[in-house]
Structure formats: C-alpha cells, structure tokens
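A structural walkthrough
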There are 2 protein chains.
Amino acid sequence: MNNILIIGCGLLGSSLLRGIHKKKIAKKIFIYEKSKSNVLKIKKLRLPGIIIDKLDNGAASYDLIIFCTPMSEYKNLILKINNFISSKTLITDVGSSKMQTSKIIKKFLKKGVHWTQSHPIAGSEVSGPEHGKENIFQDRWCILIKEKNTKKKNLNILNNFWKKIGSKVMVMTPEKHDKIFSITSHLPHLIAYNLVKSAQDFEKKQKYDLVKFSAGGLRDFSRIAASNEIMWRDIFFNNSNNISKAIDLFIKNLKAFKRDINLKNNKSILQKLVQTKKVRSKIIKLKQDINKPDFGRS
Amino acid sequence: MNNILIIGCGLLGSSLLRGIHKKKIAKKIFIYEKSKSNVLKIKKLRLPGIIIDKLDNGAASYDLIIFCTPMSEYKNLILKINNFISSKTLITDVGSSKMQTSKIIKKFLKKGVHWTQSHPIAGSEVSGPEHGKENIFQDRWCILIKEKNTKKKNLNILNNFWKKIGSKVMVMTPEKHDKIFSITSHLPHLIAYNLVKSAQDFEKKQKYDLVKFSAGGLRDFSRIAASNEIMWRDIFFNNSNNISKAIDLFIKNLKAFKRDINLKNNKSILQKLVQTKKVRSKIIKLKQDINKPDFGRS
C-alpha cells in the first residue's frame, strides 16, 4: 500500500503504527490524533508516521483508513471524512462491538465508500501511545466482519493486512461476533467492574481496609476493572442487548451457586468447580494464555 | 524450635516446608501426608523433612503442628492428634475461613491444648508439592486469629514464625477475618467459577467455540476458576453466611449496572468505571500486585 491513515493513536492505534512501520506495509503512514497530550507523547517517543492536524486529503489519497478511536466518536469522524473520501479508500476499524457500528456506517458514511470492520482481540488495561507495542497483535485472533454487501476483495485486503501484522484471521457476521464477545469479553469486564464496585461499597460500610488483603483474588479483577472507561462505556452501550442476556444468565447461575452453598449441596458444587477447571486447560492448550501459575507474578 | 509437624504437604504445606528448612526455623521437620502420589512427589523432589506414616508422637514431641489440609479434614485429624497431643504443642493452620474452624476446634480438640489460627494470604491456581515455593509467603500478609481465650504468648510465637517465613503479620478476630475475605477472596473466586460456568452454558446452547476468543477477558477468570475444588468447596461452605451477603450485594450492583446500560445512563456508568479504576492504583501502591500491564504476559 502507499498510504495508510490511522485515526486515533492510543494503545491500539500506536501499536498498529509500530507494526505497519516495522513490517513495511505502507510507504507512508499518517496519523490523526485529536488529543494534544497524545500528540506530544507521539513526538517525544519519535514514533514513525506523519501527524496531520486536519482530517482531509491534503497530503495524499489513502488506500486504507483505520479507525482506532472510541466507537462513540465514529459518527462525527465519518461526517468529516465524507468530505474527501472516495470509493478508492478502504476503511476499517478496531472496535470491540459490531452491530451498532454497522448501523452508524450504513446511516452516515457516504454511499459507495467501503468500510469492512475488524476486531483484533488484543488490548490491555493501560491506554495511550506510550503503551503500544508492535507485537500486541502477534498470534492473536482478528475478526473480520462479513455482511450482505461486504466485498470479497476487501476481506482479502484486510486478511492480508492483519496477517502481515501477525494476527490469525477469522470471518463472521456482526451478530455472531457480538454474541460471542458479550460472553468472552464484555461480561467479564462488567463483572470485574462490578466486583470492585461491590468491594468499594462494602469498604465504605464496614470501614475495613480491603485493598491491603486484595492478593487473595480481588487484585486480579482490579486489573481488568482499570481498563479505559470511555472505550468500555461505548462497548456496554453498543452491545447492550447481548450483554443484558449475558447478565441474566450470570445472575441465574450465581443464585444457583448461592443455593448450593447455603444447602451445602456437595455434589452440585463439586461438579461445577471441577467442570470449570477444564476450560483453563483448553485455554492453555489453544495458546490463549501462558501456563505460568499466577501469570508468573513473583 | 526443635520439631515442627506439617500435616498436609500440598502447595502451601510444601512451601512452608521449604521456607522452614531454608530459614532454619526448626531442627527437625516432620511431614504427614495421606496422599500416596504426593508422598512419591515429595520423595522424588527430595524435599527436606521426615515423612511419617502414622499420626503419633513416635518420633518426637512437636513444638508446632501446622494444618495445611483442606478444612473439611480438620475434624478427623483433630480426633487423631488428640491421642498424643499435650499442652506443650502449639497448633496452627493455614485455612482460608476462620469462624467455622474455630467451632470445630472448640468442639473436638482435647481441652488444654492450644490452637491459634493463621491465614497466610498466598496461593495459586495450581496444587501439589511440586508447585510449592519457599518465597510464596514473602511480603504477603498473614492474619493471626485472636479470640477470647487466645494466649498472647502463642500469638507471639506465631508472629515470630511467620515473620521469619517472610510474611507481614496482622491480628484480627475470626468474625472480622471472615467478613473481609468474603469480599476480597471468596466472592472473587465464586464469581470467576460462575463466569466460566456461564460461558460453558452459553457455549453449549450456541455451539460457538468461545475458548478460542478468550483472550479478551475470560481467560483471566479461567485461571482463578482453575483453583482446587476441595479447598474452595470447604471455604464456600464454611463462610456461607458472609458469602451469601456478598452475593446479594454483588447481584444488587449488577442489576443497577444492567439498568444503566439499558437506559444508556452515561453519567452513572462513567462514574462507576472511573471510580473502580482508583482501586487498581491503590493496590499497586500498596504492592499487592506488580505494575506490569497484562501481568507482563507477552
């Protein structure tokens, strides 16, 4: 490719920037980043790429534009790029939910312009360009979204792009995507936030210092619950239907657990605790996590 | 000390064994371990200590006995040690809940014999003597339990013992202990088990392969949900009152979260997500976790 534009250069945007540069995927990489403090960081870090102040075609016509901002900013950005974009540019994004984004794109993007969504399963509880890493996508899944009007050609371009970045690629519909990730990602994050919130409520009422004793479990949740609030608000709002259903299933199971505990239902409890263990072995086997106890923390 | 007996030589028992040996806390360390496969592992690993086949005073009179078995085994073991124990031996344990253990001790331990409970805040999702580490207690809290009849002298002995092992020591009542750990440890584990269980239910119904995409959050819970099932059943049963209350608080908060998501209550959601982030910084500051994003997984 000649020119790639990255819109939003935080954790994922700057990781892509580093990856595209390292793998020489584009001749020129342009960056549009509205946060002045992020721009300063990018300059200080001497990251590759050309920072542009205004969203226009001034410097070049882009082969690929990648949205790496919170999803709530897509609409306004679409209205801006509509002024200069043509069907020659392929657009993608790295957002974590897809059905709502699909609606926004259909409603606001200039007709004839192609946007094929991506979702690289990578991230961290820290934000900002200083935390980006070129290998954050390495060996991770990247989901490409196929809809009725999705062009095979564009799926191919993105397939090649993400494979060069280091990802494994899988194609699915926005509906299937949003269902799967409501359980594997959105619910876990919500649960982590909710656990930390409950601990805070408990602490206020009891005046006990809980954090001191957090090593027994709470600390692991606190890491997940430290993730970027704007990004997660957007995900919760965008995928609210599926997340609502996931919450209902979770509460139903939790109430059953509570009953088992109060009735000292040995058989039922042991069955659950043994059953859930198997998922861990499967995750390790599929290389979705490292096999070091406690993540090799000590 | 001259003689220490460790009953149960799994993850924590073998870690204590290693620590006591390294720090030269006792002249002789005895091990009672009923699992034949664990005994084989201990021999193969050439761990220090003398393995005894029968629980009696045969070899020595013990200065300290440390129970490192699941809590459901305490009662039977107490009935056995009652046959040879005297008031000269101090007993302690490493169990994760304290009120129920206190009842068992009062009911079954021979009168005049001293048992002062300990709870070192250390552990892992893996079990067995092969995973023990001498430094697992290093810089971690160890809670000593003070009840009406607890002797200052025994608290002092255990305070010295755990400090030599490397822990920081704090004294509290069984009631306070069980309340605090119902929130910082027992609820988080239950939640992790419940999340993995819910993902399994979802997977069965939808026939999607969730584990493949677990890197987005689920995998971190799966690690916690891989913890020893006997140990955790015992904790859930022993501390059922406090855990029930913690579940109720958790469900109440989760329902509020669901409402906020469905109503797109921006202010309330952002407030919660920002608020919970602060706990993470506090945990890092208090050195209850390392400051590497993603636990430095990559």
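Residues numbered from 1 in each chain as written. Chains lettered and ligands numbered in written order. Predicted model: local features only at pLDDT ≥ 70, side-chain atom pairs only at ≥ 80, totals over all residues.

On to the overall build of chain A. Along the backbone of chain A there are ten helices and nine strands. Over its C-alpha atoms chain A spans a radius of gyration of 21 Å, differing by no more than 12% from the 19 Å that the globule rule assigns to 298 residues. The dimensions of chain A, computed from C-alpha atoms along their principal axes, are 70 × 45 × 35 Å. Sorting the 298 residues of chain A into buried and exposed places 49% on the buried side. Looking at chain A alone, contacts between residues at least 24 apart form 76% of all its contacts between residues at least 6 apart. (Helix = DSSP H or I, 4+ residues; strand = E, 2+ residues; numbered from the N terminus. Rg over C-alpha atoms; globule rule 2.2 N^0.38 Å. Buried ≥ 20, exposed ≤ 12 C-beta atoms within 10 Å, placed from the backbone. Contact = placed C-beta atoms within 7 Å.)

All names here are of chain A. Spatial ordering of the open sheet is given by E7-E8-E9, a layout of three strands whose pairing is mixed. Either end of the sheet is taken by a strand with one partner, and the two such strands are strand E7 (118-120) and strand E9 (168-172). Sheet twist, expressed as the mean angle between neighbouring strand axes with direction ignored, is 20°. Across three bridges, the pairing between E7 and strand E8 (residues 141-145) is antiparallel. Residue pairing across strands places Pro120 opposite Cys142, the latter belonging to E8. Contacts between helix H6 (residues 174-206) and the sheet are confined to E7, E8 and E9, with E8 contributing the most and set at about 145° to the helix. (Pairing = 2+ DSSP bridges. Axes fitted to C-alpha atoms, helices over the stretch in contact; angles between N-to-C directions.)

A few words on the nonpolar core. In this structure, Leu195 of chain A together with Leu195 of chain B are the most contacted members of the largest nonpolar core, which totals 100 residues. Discounting chain neighbours no more than four positions away, the residues touching Leu195 of chain A are Phe221 of chain A together with Leu187, Pro188, Ile191 and Phe250 of chain B. Judged by nonpolar contacts, the second largest core, of 32 residues, contains Ile29, Ile81, Val94 and Ile105 of chain B. (Core = buried A, V, L, I, M, F, W, Y, C linked by C-beta atoms within 7 Å.)

Let's shift gears to the relation of the copies chain A and chain B. Mapping chain A onto chain B is achieved by rotating through 180° and translating by 0.0 Å along the same axis, at an RMSD of 0.0 Å. When the rotation and shift are considered jointly, the pair of chain copies conforms to a two-fold rotation axis. A shared binding surface is used by both copies, with 100% of the interface residues of chain A retained as interface residues in chain B. (Least-squares fit on C-alpha atoms with pLDDT ≥ 70 in both.)

So, on to unusual backbone geometry. Keep in mind that most residues, glycine aside, have a negative phi and that most peptide bonds are trans. Notably, Lys287 of chain A is not glycine yet its phi reads approximately 55°, a positive angle. As for its placement among the helices and strands, Lys287 of chain A is situated in the segment after helix H10 (266-285).

So, about the environment of Ile180 of chain B. Within the element layout of this structure, Ile180 of chain B appears in helix H6 (residues 174-206). Not counting residues within four places of it along the chain, the set of residues in contact with Ile180 of chain B comprises Tyr208, Leu210 and Phe213 of chain A.

Let's shift gears to the packing of helix H8 (residues 229-238) of chain A against helix H10 (residues 266-285) of chain B. Closest axis-to-axis distance for the H8 of chain A/H10 of chain B pair is 10 Å, and the angle between their directions is 135°. One finds that H8 of chain A runs oblique with respect to H10 of chain B. Our pair here, H8 of chain A against H10 of chain B, has a crossing hand that is right-handed. For the pair H8 of chain A and H10 of chain B, contact is made by Glu229, Trp232, Arg233 and Phe236 of chain A and by Asn266, Ile269, Leu270, Leu273, Val274 and Lys277 of chain B, respectively. Split into classes, the residues belonging to the contact of H8 of chain A with H10 of chain B amount to six nonpolar, one polar and three charged. (Parallel < 35°, antiparallel > 145°, perpendicular 65-115°, else oblique. Left-handed = near helix turned anticlockwise from the far one by under 90°. Nonpolar A, V, L, I, M, F, W, Y, C, P; charged D, E, K, R; others polar.)

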